[in-house]
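# Architecture at a glance
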Amino acid sequence: MKNEFWKWFGSRLFALWRYRGFVFGMVWREFHARYLGSLLGSAWSVLHPIAMIFIYTVIFSKIMRARLPGVDDNMGFGIFLCAGLLPWSFFSELLGRCPNIFIEQANLLKKGNFPRITFPVVLFLSSTVNFVIIFTVFLLFLLVTGRYPDWSFLAFVPLLLLQQFLAMGLGIMLGALNVFFRDVGQFVGIVLQFWFWFTPIIYPVTILPQFARELLKFNPLTQLVLSYQQIVLFGNWPQWSLFKAHILFVITTLLISFVVFRRLSAEIVDEL
Amino acid sequence: MKNILETKNLSKKYKRYPNQWSRFAEWLTAGRYRTHEERWALRGVSFEVDAGEAVGIIGQNGAGKSTLLKILTRTTKPSKGNIKIGGRVSALLELGMGFHPDFTGRENAIMACRMAGLNREQIEQLLPAIASFSELGDYLDQPMRVYSTGMQMRLAFSASTVVRPEILILDEVLAVGDAYFSHKCVNRIRTFKEQGTTLLFVSHDPGSVKALCDRAILIDKGILIRDGSPDAVLDYYNAMISVKRKNEEIQQVESEFGATVTRSGDGRAYFENVEMLDENDRPARAFRVGDTASIRCDVISNASLESPTVGILIRDRLGNDVFGTNSFHLEVDKEIYKAGENIEATFTLPLNIGCGNYSLCVAIHSGDTHLQDNYDWWDQCLAFQVIPGNSFSFIGLASLPVELKVQRKHKK
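## Side note on the overall build of chain B
Along chain B, the regular secondary structure elements total 9 helices and 20 strands. By residue count, 34% of the 412 residues in chain B fall in the buried class.

## Focus on the overall build of chain A
What chain A contains, in helices and strands, is 12 helices and 0 strands. Taken from the N to the C terminus, the helices and strands of chain A come in the order α-α-α-α-α-α-α-α-α-α-α-α. Across the 272 residues in chain A, those meeting the buried criterion constitute 32%. Taking all contacts inside chain A whose residues are at least 6 apart in sequence as the whole, residues at least 24 apart take part in 76%.

## Description of helix α4 (residues 120–134) of chain B
All names here are of chain B. Taking 1.5 Å as the rise per residue, α4 with 15 residues should run 21 Å; its terminal C-alpha atoms sit 20 Å apart, in good agreement. Within the span of α4, buried status applies to I123, I130 and S134. Within two residues after α4, E135 carries a phi angle of roughly 55 degrees, on the positive side.

## Brief notes about the sheet that holds strand β9 (residues 223–228) of chain B
Adjacent strands of a sheet pair through backbone hydrogen bonds, lying either parallel or antiparallel. Residue and element names in this part refer to chain B. Taken in spatial order, the 6 strands make up an open sheet running β5-β6-β7-β3-β8-β9, and their pairing is mixed. At either margin of the open sheet sits one strand with a lone partner, and together these are β5 (89–92) and β9. Pairs of neighbouring strands in the sheet enclose a mean axial angle of 15 degrees, with direction left out of account. Across 4 bridges, strand β3 (residues 54–58) lies against strand β7 (residues 198–202) in parallel orientation. Across the sheet, I57 pairs through a bridge with V202, a residue of β7.

## Considering the sheet that holds strand β4 (residues 80–85) of chain B
Residues and elements named next belong to chain B. Strand order in this open sheet of 3 strands is β2-β1-β4, and the pairing throughout is antiparallel. Of all strands in the sheet, those with a lone pairing partner are β2 (37–50) and β4, marking the two edges. Strand-to-strand, the axes of this sheet are offset by a mean angle of 20 degrees, without reference to chain direction. Of the strand pairs in this sheet, strand β1 (residues 3–16) and β4 are connected by 5 bridges, and their pairing is antiparallel. The residue bridging S11 from the neighbouring strand is K80, located in β4.

## Considering the interface of chain B and chain A
In this complex, chain B contributes 23 residues to the contact, which on the side of chain A involves 21 residues. When grouped by side-chain class, the residues that make up the side of chain B that touches chain A number 8 nonpolar, 8 polar and 7 charged.

## Considerations on the nonpolar core
In this structure, C82 of chain A together with V55, I57, I169, F201 and A216 of chain B are the most contacted members of the largest nonpolar core, which totals 119 residues. A per-element tally of this core places helix α4 (residues 76–97) of chain A first, with 13 residues. Sequence-distant contacts of C82 of chain A, defined by excluding residues within four places in its chain, comprise I53, Y56 and F138 of chain A. Core analysis: the second largest hydrophobic core is formed by 30 residues, V299, C361, L382 and I387 of chain B among them.

## With respect to the environment of N107 of chain A
By the element assignment, N107 of chain A lies in helix α6 (residues 106–111). Separated by 162 residues in the primary sequence, N107 of chain A and V269 of chain A place their C-alpha atoms 9.5 Å from one another.

## What about the packing of helix α3 (residues 43–63) of chain A against α4 of chain A?
Residues and elements named next belong to chain A. Running from N to C, α3 and α4 cross one another at 150 degrees; their axes reach a closest spacing of 7 Å. The pairing of α3 with α4 is recorded here as roughly antiparallel in orientation. Classified by chirality, the crossing of α4 by α3 is right-handed. Two secondary-structure elements touch here, α3 through I53, Y56, T57, F60 and S61 and α4 through G76, F77, G78, I79, L81 and C82. Each residue belonging to the contact of α3 with α4 can be placed in one class, and the counts come to 7 nonpolar, 4 polar and no charged.

## Some remarks on helix α5 (residues 149–160) of chain B
Because an α-helix completes one turn every 3.6 residues, residues spaced three or four positions apart along the sequence face the same direction. Residue and element names in this part refer to chain B. Spanning 12 residues, α5 covers 16 Å between terminal C-alpha atoms, matching the ideal 16 Å at 1.5 Å per step. Within α5, 10 of the 12 residues are buried, leaving the element largely enclosed by the surrounding structure. Along α5, the positions that sit buried rather than exposed are M151, Q152, M153, R154, L155, A156, F157, S158, A159 and S160.

## What to know about unusual backbone geometry
Residues and elements named next belong to chain B. In this structure, N9 takes a positive phi of about 55 degrees despite not being glycine. Position of N9 relative to the elements: it lies in strand β1. One non-glycine residue, R74, lies in positive phi territory at about 65 degrees. Position of R74 relative to the elements: it lies in the loop between α2 (65–72) and β4. Judged by local crowding, R74 falls into the partly exposed class, with 14 C-beta atoms found within 10 Å.

## Details of the confidence of the model for chain B
All names here are of chain B. For chain B, the average pLDDT comes to 80, and 91% of its residues sit at 70 or higher. This model gives residues 245–260 a pLDDT under 50, and the stretch forms 16 contacts once residues within four places in sequence are excluded. Scoring the predicted complex yields pTM 0.70 and, for the interface, ipTM 0.73.

## Observations concerning the environment of V121 of chain A
All names here are of chain A. Among the structural elements, V121 can be located in helix α7 (residues 118–144). On the basis of neighbour counts, which here come to 20 C-beta atoms within 10 Å, the residue V121 falls in the buried class. Spatially, the C-alpha atom of V121 lies 9.9 Å from that of R20, the residues being 101 residues apart in sequence. Setting aside residues up to four positions removed in sequence, V121 forms contacts with L16 and V23.

## Notes on the packing of α4 of chain A against α7 of chain A
All names here are of chain A. As a packed pair, α4 and α7 sit with axes 10 Å apart at the nearest point and diverge in direction by 165 degrees. Here α4 is positioned roughly antiparallel relative to α7, judged by the angle of their axes. Regarding α4 and α7, the two cross each other, and that crossing is right-handed. Packed against α4, whose contacting residues are C82, L86, F90, E93, L94 and R97, the element α7 presents L123, F124, S127, N130, F131, I134, F135 and F138 at the interface. Here the residues of the contact of α4 with α7 are counted per class, giving 10 nonpolar, 2 polar and 2 charged.

So, how was this worked out
- Residues numbered from 1 in each chain as written.
- Chains lettered and ligands numbered in written order.
- Predicted model: local features only at pLDDT ≥ 70, side-chain atom pairs only at ≥ 80, totals over all residues.
- Helix = DSSP H or I, 4+ residues; strand = E, 2+ residues; numbered from the N terminus.
- Buried ≥ 20, exposed ≤ 12 C-beta atoms within 10 Å, placed from the backbone.
- Contact = placed C-beta atoms within 7 Å.
- Expected span 1.5 Å × (residues − 1).
- Pairing = 2+ DSSP bridges.
- Axes fitted to C-alpha atoms, helices over the stretch in contact; angles between N-to-C directions.
- Nonpolar A, V, L, I, M, F, W, Y, C, P; charged D, E, K, R; others polar.
- Core = buried A, V, L, I, M, F, W, Y, C linked by C-beta atoms within 7 Å.
- Parallel < 35°, antiparallel > 145°, perpendicular 65-115°, else oblique.
- Left-handed = near helix turned anticlockwise from the far one by under 90°.
- pLDDT = per-residue confidence, 0-100.

Here it is as structure tokens:
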């Protein structure tokens with residue numbers, strides 16, 4: 001049984017490699033399809049994050065004068081918001097779209113013979129492309145306003161990977177389940193709203209009462225978001241030892257997800 | 001030759017739940033609470049295909065053909081039995097799958113190749129071949145949304161058959177585009193076959209199965225019921241469907257044509273039944289060119305009628321009149337029928353008409369046309385098909401008796 005699983009896992013990896021052209025083609029297509037027929041084309045992909053960062057920093061911090069306790073930077077609150085919000089939207093984009101991957105591609109799945117595992121991977125990559133653009137705009141903004149990013153920004157890479165693998169693990173499982181019970185997709189939408197407010201993204205964790213802080217520890221995103229904010233605001237490297245449980249959790253989620261996906265994989269096509 | 005494809009006892013079960021909650025209950029109890037019905041789409045299908053063989057798979061809608069194809073292309077797994085495939089399978093289950101209307105033909109063709117698992121260099125090399133076969137010219141770099149359906153099909157077919165597969169699975173995709181291009185498609189498939197491609201061809205159309213396949217398999221209600229030469233299997237298929245159609249004539253005709261069937265008249269006489277028979281007086285719906293067919297009309301008169309006129313009209317699939325006549329023109333003896341009497345009128349005629357689908361219209365009225373007293377007029381009362389016969393090939397609607405003399409002409 002165990003052996004068989006790893007054999008299956010290996011064969012899926014191989015299939016992904018063989019269909020890499022298809023995967024990259026789909027990612028490229030999705031990116032381009034969004035801006036086809038517009039005059040400015042992919043410039044829009046940059047204009048959206050610029051507008052967002054402008055609102056958070058200039059309007060929130062400068063005009064509405066929102067201040068962050070303990071930070072004397074006048075744009076501090078805006079930057080604090082971006083540090084948490086950008087990765088969160090990366091996470092919620094992937095997790096929010098995952099439940100529908102197999103349903104959206106029903107026709108391709110029913111009529112074509114290529115590996116099903118490519119669809120979540122396409123989603124993973126295409127949300128990454130979006131995030132990289134948005135985050136680059138954010139970095140440029142920091143540079144332009146004279147806040148030179150510290151080397152600790154490199155820590156974003158492993159932390160974001162951890163975060164996205166968590167989304168992926170949950171997403172594949174929910175995507176497979178949603179084929180059978182469409183309630184799953186609806187449910188995820190609600191959970192994501194609660195999850196957003198249960199993560200210290202737009203409020204500092206310090207304003208919470210003690211019991212709420214204890215509760216937030218069970219949210220795997222809490223520690224991640226806190227680390228992002230530390231990096232962006234103070235250039236502090238994250239405390240890696242705090243992430244041991246996260247890594248274990250993400251690996252377990254991914255494994256469970258693959259087992260579920262493998263079990264349901266054959267039935268997905270029959271159900272669509 | 002050695003088997004390239006072998007299926008053993010293939011069965012496919014679909015679960016049907018009364019509602020979502022009962023599925024949920026079954027999942028929660030790990031299957032102990034069981035409410036689903038099992039529907040077997042395929043039951044114990046076993047067959048072998050030699051390398052290079054062309055096999056037609058025929059059967060009515062819902063017989064299990066698509067399920068079989070999905071298993072052969074490995075889109076879905078069989079519930080029981082196993083399958084061995086010894087080569088690269090290319091399946092054309094749907095032309096233009098995954099095409100995006102906003103991308104150019106070229107971009108979509110590249111994507112189609114990627115979907116088939118080809119890599120970048122291979123695609124690079126194959127693009128010129130796709131462009132030339134599809135004959136799209138400048139349109140290749142236009143967005144797909146400006147394409148006509150025929151053009152989309154041309155591109156789709158060109159892209160999906162650019163590499164010769166070892167096993168090609170076709171699902172009724174040949175009836176696409178104009179006559180010129182569909183001829184080109186058939187030629188390409190023939191060439192593949194000559195080069196050793198194994199062909200599995202699913203169709204409702206007996207004509208193309210006969211033209212392309214060396215063997216046919218008939219599936220009905222998920223069971224393989226005939227496996228043999230296309231001629232024999234198609235004959236069996238014909239007999240099978242005519243028996244089925246006898247009792248549900250009108251519905252069948254409606255669904256085949258997708259049009260509303262007109263039936264009008266004052267009811268002083270009406271058709272109780274209309275049947276088309278082959279030379280052995282068996283009900284039939286497919287005939288070879290030149291076969292003699294009988295059209296038997298059972299009429300019941302509701303009033304006393306003096307020699308009512310019974311007429312038939314054969315139309316092609318576009319609704320053009322091909323041939324029609326009636327008992328007035330054929331000058332049958334005058335007769336007076338009393339109310340409640342049954343009349344049987346049988347027209348026997350050789351079907352010297354071209355291959356294709358036809359519909360039959362029958363009418364009963366007084367005088368030479370139905371314009372005066374129309375008792376019953378039944379449009380498209382049944383549909384039949386004419387398939388290639390054993391004589392020479394021809395095109396067009398009429399099979400005219402032809403004689404040809406070729407000789408050397410001496411100069412004087």
